[in-house]
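Structure at a glance
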Amino acid sequence: MASVSVESLTKVFPNGVKALDDVSLSVDDGEFFALLGPSGCGKTTLLRILAGLEPPSSGTITIGGRNVTRLPPRGRNVAMVFQDYALFPHMTVAENVAYPLKVHRIDKATRRRRAEEVGGGLGLTPLMDRRPGQLSGGQQQRAALARAMAADAVLFLFDEPLSNLDARLRMEARTLLKRLHREVRKTTVYVTHDQSEALALADRVAVMDHGALRQVGPPAEIFHHPGNLFVAGFIGSTPMNLLPARMLDSHVLVAGEAIPLGTPGGESLGGAAGRDIVLAVRPEYMTLAAERTPGSVPAEVEVVEDLGTTYLVTLRGPDSTIQAVVPETRVPKPGDRLFAGADWSRASFYDPDSGERLEVAVSTGPTPPTALRLGNKLSN
Amino acid sequence: MHPTSKTAEQAVEPSLGPVTSLEVTGPSGLGRKWAGVFLTPSALLIGVFLVFPAVWTLYLGLTNFSLVGFAAAHPTFEGLTNYKNALTDPEFGNSLLITLIYVFGSAVVGQVVLGFAMAWRFKDWRSPLRRVVEALAIIAWIVPGSVVAFLWISYLQGNIGPLIEHGTLDVILHISTNWFLQFPLLSLIIFNIWRGSAFSMMLFNGALQSVPPSYLETAKISGASELQQLRDVVLPRIKGHVLTDVLLISLWTFNDFTPYLITAGGPNGQTETLPVFVYKVAFQQGDLGYASAISLIMLVINSVIAVVYLRMLRARSQ
């Protein structure tokens, strides 16, 4: 068991690419910590530096109170699961699982016992004498997991361990990972580009971009209160609506519609009333209505996409494109002219220049958000 | 044939049509006759320059054919006499032993180990030094035998004209040693390691590329030392490459004639490998029949080496 602390870590590759730029973070003992970001954001580099596979250019890494910055991988007592599982094809599952013990010259009987013990918990018992080539993707993934657990490491490192699985298996494996973590409570750093994985698994998520941390926090905070426009645009199964708006004294003006604020905007923005802002609201919190209601804007339906239980509707608004997720019972058709409203209390506000979040509360008083949802009868 | 059932048949076995047409025209789609026409020139060349000499050697080995004298004009059939002579000839036995030491020392151990060591060491290097060392090794490998022979004579022996009076190595070390007299076979073995390691290095460069980095990294994180990584991850993965490499360089070294260009078999037969011995018997003693017989024995030994390696390769893949 160990906590991890990373201090002002920078990594510049020999070809001049700056993969990490002054990254500092800490992972608590027993925490499941996800590094999330688009490809090339530096998340895998950070993980590899934690493992000792890459030397950092500067900065320090502490695992379990021990400065391991200059230690080789074997001195760090960590276990890592790779995207391709890296199971040795010439060894059986049992030999693979117990490989960390073999390296430490532990006798064969003990190795076998340990492999059976760890593998048993992952449903590998009938597969112990098979070769990795004879296993399905999901079984290989569990074997790689078993090997990491057999090592008795203080820290688990996962490098996109689910991305080689098909969608259905990925869900199963995700649940398995979550259950395992609840059982063993081992400190885990988990790299993924899949936000649903990060949000579902992690106690805390760090969103990375261009070698820097953009936001660190629990999944709910990341999802509901994105700290900047990058996180707002990156998180969410459908991209957030980013609408140009204008901050007034006690209202936000979106396409000519006034949305009342909880606290006077000018006050909370330090006298910035009258300035342009970006209003962000998730398509899931948008509503479509046939009649005009307070705080809704006119829009024409362009595209309707079937998401299964819901539909994603793309509309052309007065200033920008708007997307809304609607229930399967009320599906508009392309060409319909509707009014797009929202649960504006769910909206976030950003400075269009810096991209940083503006702390503004939308009023739930005079015109309650529910009022915007009235008159949802659609013209078909 | 069955127009009514044709569509049903096609639905069940759509490959039926193409397969029958393949039997008529062959995989090239030419038809047997034309395929034969195109094969003839290469078959003729192989016949004239490969098959005929082999059969001719087989025949000569059974005669007392010689370079000069009465037997040159009227060779007589001697049966297996040449083979009996070879197997009891101490010179042949000695030559075979020297060849085996030369092959084992310079190829199986020297080139494989040095070639692998270079490939392994250079694997993660991105520095220009790697390119320089690789280029030097490859130059040693591709320069013609006569040139490298001259280079090594000037390096270890000197005594070729007023410019190269002393061996370069002696000049560097400020000593005076006659390497080819004092350590003839060892000198040749080191020469051949220098000359041939580039091939193994290049082959292992490619082989190591086939080891996924995540395998080595998993081993490293598990705590494996470099030797354990080689034993547990790398060697099982590239066993096939190692066998192929050992087979090729064993055969090349076994049949290598470059030693003759350096030491001509001397001193006192100490570097007389089989190819040198055959050359001596055929063109210095003029005994072509006996030389043919020894050549055929060499061919058999080559075949045995090849079969053993191929068996090992096949056993590995099963």
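A quick note: this is a predicted structure, and the numbers were derived from the prediction, not measured.

1. Concerning the overall build of chain A
- Of regular secondary structure, chain A possesses 11 helices and 21 strands.
- Here the C-alpha coordinates of chain A stretch approximately 75 × 45 × 40 Å along the principal axes.
- For chain A, buried positions account for 43% of its 380 residues.
- Across chain A, every contact between residues at least 6 apart in sequence was considered, and the portion connecting residues at least 24 apart equals 66%.

2. Some remarks on the overall build of chain B
- Scanning chain B from N- to C-terminus turns up 16 helices and two strands.
- For chain B, with 318 residues in total, the buried portion stands at 29%.
- In chain B, the proportion of contacts linking residues at least 24 apart, taken out of those at least 6 apart, comes to 65%.

3. Points about the sheet that holds strand β3 (residues 32–36) of chain A
Residue and element names in this part refer to chain A.
- Pairing is mixed in the open sheet, where six strands are placed in the order β6-β7-β8-β3-β9-β10. Edge strands, defined here as strands with exactly one partner in the open sheet, are β6 (78–81) and β10 (212–217). Shown here is a sheet whose adjacent strand axes are inclined to one another by a mean of 20°, direction ignored.
- Across five bridges, the pairing between β3 and strand β8 (residues 187–192) is parallel. Across the sheet, the residue bridging to Phe33 is Val189, located in β8.

4. Looking at the nonpolar core
Residue and element names in this part refer to chain A.
- Core analysis: the biggest nonpolar cluster contains 123 residues, and Leu35, Leu157, Tyr190, Leu279 and Ala340 have the highest contact counts within it.
- Looking at this core element by element, the count peaks at seven residues for helix α5 (residues 137–150).
- Once residues lying within four places of it in the same chain are set aside, the contact partners of Leu279 are Leu243, Ala245, Val252, Val254, Ala347 and Phe349.

5. Side note on the domain arrangement of chain A
Residue and element names in this part refer to chain A.
- According to the domain assignment, chain A consists of domain 1 (4–232) and domain 2 (238–372).
- For domain 1 and domain 2, the distance between their C-alpha centres works out to 39 Å.
- Counting residues at the interface gives seven residues for domain 1 and nine residues for domain 2.
- Grouping the amino acids of the side of domain 1 that touches domain 2 by side-chain chemistry returns four nonpolar, three polar and no charged.

6. Considering unusual backbone geometry
Residues and elements named next belong to chain A.
- Of note, Ser8 is a non-glycine position whose phi angle comes to about 30°, a positive value.
- Looking at where Ser8 falls in the secondary structure, it is placed in strand β1 (residues 4–12).
- Judged by the 13 C-beta atoms lying within 10 Å of it, Ser8 falls in the partly exposed class.
- Even without being glycine, Arg105 reaches a positive phi, approximately 55°.
- Looking at the secondary structure, you find Arg105 in the loop between α3 (99–103) and α4 (108–121).

7. Some remarks on the sheet that holds β1 of chain A
Residues and elements named next belong to chain A.
- One open sheet accounts for four strands, arranged β2-β1-β4-β5; its pairing is antiparallel. Where the open sheet ends on each side, the last strands, each with one partner, are β2 (18–27) and β5 (66–67).
- As paired strands, β1 and strand β4 (residues 58–63) are joined by five bridges and run antiparallel to one another. Along β4, the bridge assignment pairs Val6 with Ile61.

8. Some points on the confidence of the model for chain A
All names here are of chain A.
- With 91% of its residues at a pLDDT of 70 or more, chain A has an overall mean of 85.
- Under a pLDDT of 50 for its full length, residues 263–267 has, in the predicted model, 15 contacts with residues more than four places off or in other chains.
- Across residues 364–380 the pLDDT falls below 50, and counting only partners more than four positions away or on other chains, this stretch makes 37 contacts in the model.

9. Focus on α5 of chain A
All names here are of chain A.
- The terminal C-alpha atoms of α5 lie 20 Å apart, and with 14 residues this matches the ideal 20 Å at 1.5 Å per residue to within 8%.
- The buried fraction of α5 is high, at 12 of 14 residues.
- Taken together, the buried positions of α5 are Gln139, Gln140, Gln141, Arg142, Ala143, Ala144, Leu145, Ala146, Arg147, Ala148, Met149 and Ala150.
- Taken together, the buried residues of α5 touch β6, α2 (93–97), α3, α4, β7 (155–159) and α6 (167–184).
- Two residues or fewer past α5, Asp152 is found with a positive phi of approximately 60°.

10. Description of the interface of chain B and chain A
- At the interface, 14 residues of chain B touch 18 residues of chain A.
- Looking at the side of chain B that touches chain A, the elements with two or more residues in it are α12 (213–222) and α13 (226–254) of chain B.
- Counting residues per element, the side of chain B that touches chain A draws most heavily on α12 of chain B, at seven residues.
- Looking at side-chain class alone, the side of chain B that touches chain A contains six nonpolar, five polar and three charged residues.

11. Some words on the pairing of β1 of chain A
Residues and elements named next belong to chain A.
- As paired strands, β1 and β2 are joined by six bridges and run antiparallel to one another. Within β2, the position partnered with Leu9 by the bridge is Val23.
- Remark: five residues form the turn of the hairpin made by β1 and β2, two consecutive strands paired antiparallel; Gly16 in that turn has positive phi of roughly 95°.

12. Here we look at helix α15 (residues 274–284) of chain B
- For α15 of chain B, every residue scored as buried is listed here: Leu274, Pro275, Val276, Phe277, Val278, Val281 and Ala282 of chain B.
- Just downstream of α15 of chain B lies Gly286 of chain B, where phi reads positive at about 75°.

13. Regarding the environment of Ile160 of chain B
- As for its placement among the helices and strands, Ile160 of chain B is situated in strand β1 (residues 158–160).
- Excluding residues that lie within four positions of it along the chain, Ile160 of chain B makes contacts with Ile153 and Ser154 of chain B.

Calculation rules
Residues numbered from 1 in each chain as written. Chains lettered and ligands numbered in written order. Predicted model: local features only at pLDDT ≥ 70, side-chain atom pairs only at ≥ 80, totals over all residues. Helix = DSSP H or I, 4+ residues; strand = E, 2+ residues; numbered from the N terminus. Buried ≥ 20, exposed ≤ 12 C-beta atoms within 10 Å, placed from the backbone. Contact = placed C-beta atoms within 7 Å. Pairing = 2+ DSSP bridges. Axes fitted to C-alpha atoms, helices over the stretch in contact; angles between N-to-C directions. Core = buried A, V, L, I, M, F, W, Y, C linked by C-beta atoms within 7 Å. Domains from an automatic or database assignment. Nonpolar A, V, L, I, M, F, W, Y, C, P; charged D, E, K, R; others polar. pLDDT = per-residue confidence, 0-100. Expected span 1.5 Å × (residues − 1).

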